[in-house]
Amino acid sequence: MTKSRWPGGGQDTPRTPAPAPGRDSPWGARARPNPEPPRAAAPRPDARADDVAAAGEAEDRREMRLYGRNAIDAVFARRPEAIRKLYLLEARIPQLQPLLKWCAANRVGYRVVAEDDLRKLAASSHHEGVVADVLREAPQSLGTWLQALPAGPACALWLDGVGNPHNLGAILRSAAHFGVSAVLLPKTSPLALSGAAARVAEGGAEAVPFVRLGREDNALAQLRSAGFKLAATVVRGGDDVFAAELPERLVFVLGAEGEGMDAELAKACDLRLCIPGSGKVESLNVSAATAVLLAQWSARLR
């Protein structure tokens, strides 16, 4: 059986007292006083697990389903208006009171569900007790991003064919940690943020914007005119990244898992960099390689 407060609420809505929001709680910063319950109709109380899943389906392609505390914390802290529906375990009610109060104040439906239902909604057992349907954030154009970019050191990641959601999530987590300014997506790339990637990113997906590139030659020209050098990351035949002089404004171009990057794109780059190793394996996973490259770029700026 589920408990719900879709807009309008119902008698089965959990009534755990709300703790006073504090500075130590990432949810508390956005908490608002609990208003009178909205008057929209509540869902029927006998909703079954299949109905729960159906009710949580994204209404259009602009929505995506997130799961995991840190991923949803980050959305709530930065753009709470993007949250459209919320599902949670009863055990999470005390920790999520500020978010639940915000949902009630803004007519955003939430429902307390059983573990099995939440696993179905997330399509994962790694949901950490909470799932949300949120609006996607559209990628910026390269021109818009460059215009807003402050002067000084900056690093971006050009993902040429990276597609594995767990690799993308790990890349975003490292990018957020090292202060990367953007993830650049080729014009034809189908890569998009998913719930799995956002969970692995542990909040990093909200910290690093996606930028959609136009024609490759135009993108290269725009980046160079803004002071960026482009570095192709290769398995062999490149300069040792630990010995190379890395520029303050740098775009690391990362190739697809397995196939590597496009050969013509690699030729068009200003630098070719590799990460030397023992030779016992061919190379690092693309997400692990990203972390090494970013750590080295960051260290060069100190």
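Residues numbered from 1 in each chain as written. Predicted model: local features only at pLDDT ≥ 70, side-chain atom pairs only at ≥ 80, totals over all residues. Heavy atoms only, no water.

Trainee: An account of the overall build of the protein is needed here, citing residue identities and associated values.
Mentor: Along the protein, the regular secondary structure elements total ten helices and 13 strands. Residues counted as buried form 48% of the 302 residues belonging to the protein. Considering only contacts within the protein whose residues lie at least 6 apart along the sequence, 80% involve residues at least 24 apart. Carbon and sulfur atoms form 50% of the exposed surface of the protein, whose accessible area is close to 14,900 Å². (Helix = DSSP H or I, 4+ residues; strand = E, 2+ residues; numbered from the N terminus. Buried < 20%, exposed > 50% of the residue type's maximum accessible area, 1.4 Å probe, protein only. Contact = heavy atoms within 4.5 Å. Areas by Shrake-Rupley, 256 points an atom, 1.4 Å probe, with all protein chains shown as cover.)

Trainee: Describe the sheet that holds strand S7 (residues 154–160), naming the residues involved and giving the relevant values.
Mentor: Within the open sheet, the eight strands sit side by side as S6-S9-S8-S7-S12-S10-S13-S11. Their pairing is parallel. Each of the sheet's edge strands pairs with one partner strand only, and the pair in question is strand S6 (140–141) and strand S11 (239–240). The pairing of strand S10 (residues 229–233) with strand S13 (residues 271–274) spans three bridges and is parallel. Bridge assignment links Thr233 to a residue of S13, and that residue is Leu273. Along the sheet, helix H8 (residues 216–225) makes contact with S7, strand S8 (182–185), S10 and strand S12 (249–255), crossing S7 at roughly 170 degrees. In the packing of helix H10 (residues 286–300) onto the sheet, contacts are made with S7, S10 and S12, and the angle to S12 comes to roughly 165 degrees. (Pairing = 2+ DSSP bridges. Axes fitted to C-alpha atoms, helices over the stretch in contact; angles between N-to-C directions.)

Trainee: Help me get a handle on H10, residues and values and all.
Mentor: With 15 residues, H10 extends 21 Å from end C-alpha to end C-alpha; this agrees with the ideal 21 Å at 1.5 Å per step. Listing the buried residues of H10 in full gives Val286, Ser287, Ala289, Thr290, Leu293, Leu294, Gln296, Trp297 and Ser298. Summarising the contacts, the buried residues of H10 are in contact with S7, helix H6 (165–177), S10 and S12. (Expected span 1.5 Å × (residues − 1).)

Trainee: Would you mind going over helix H3 (residues 97–105) in detail, with residue names and values included?
Mentor: Of all nine residues in H3, eight are buried, a share of seventy percent or more. The complete set of buried residues in H3 reads Gln97, Pro98, Leu99, Leu100, Lys101, Trp102, Cys103 and Ala104. The positive-phi residue at the C-terminal boundary of H3 is Arg107, with phi of around 60 degrees.

Trainee: Residues and numbers for the nonpolar core, please.
Mentor: Residues Leu86, Leu88, Leu157, Leu159, Leu172, Leu193 and Phe252 are the most contacted members of the largest nonpolar core, which totals 54 residues. Not counting residues within four places of it along the chain, the set of residues in contact with Leu159 comprises Leu168, Ile171, Val183, Leu184, Pro186, Leu191 and Leu254. Of all hydrophobic cores here, the second largest spans 25 residues; its members include Trp158, Ala232, Met261 and Cys274. (Core = buried A, V, L, I, M, F, W, Y, C linked by side-chain atoms within 4.5 Å.)

Trainee: Describe the environment of Gly195, listing the residues and the values that go with them.
Mentor: Among the structural elements, Gly195 can be located in helix H7 (residues 195–201). In this structure Gly195 touches Met64, Arg65, Leu66 and Tyr67, once residues within four positions along its chain are discounted.

Trainee: Give me the pairing of S13: which residues, what numbers.
Mentor: Strand direction decides the pairing type here: S11 and S13, joined by two bridges, are parallel. Counterpart to Asp240 in the pairing with S13 is Cys274.

Trainee: Describe empty space enclosed by the protein, naming the residues involved and giving the relevant values.
Mentor: Under the definition given, this model contains one cavity of 30 Å³ or more. Put simply, the largest cavity is a space of about 60 Å³. When contributions to the lining of the largest cavity are tallied by element, the ones reaching two or more residues are strand S2 (63–67) and helix H2 (69–78). A per-element tally of the lining of the largest cavity places H2 first, with three residues. Of the residues assigned to the lining of the largest cavity, the class counts are eight nonpolar, one polar and two charged. (1 Å grid on protein atoms, 1.4 Å probe; cavity = no way out; pocket = protein on both sides within 12 Å on 5 of 7 lines; lining within 4 Å. Points joined across faces, edges and corners; volume = space filled by probe spheres on them. Nonpolar A, V, L, I, M, F, W, Y, C, P; charged D, E, K, R; others polar.)

Trainee: Tell me what's going on with the packing of aromatic side chains, and back it up with residues and numbers.
Mentor: The final tally for this structure, using the stated rule, is two aromatic pairs. Look at Phe76 and Trp102: their rings are 6.0 Å apart centre to centre, the planes differ by 75 degrees, and that puts the pair in the edge-to-face class. Of this pair, Phe76 sits in helix H2 while Trp102 is found in helix H3, placing the two residues 26 residues apart along the sequence. Given the relative accessible area of 0%, Phe76 is considered buried. Residue Trp102 is classed as buried on the basis of its relative accessible area, which comes to 4%. (Phe/Tyr/Trp six-rings, centres within 6.5 Å; stacked < 30°, edge-to-face > 60°.)

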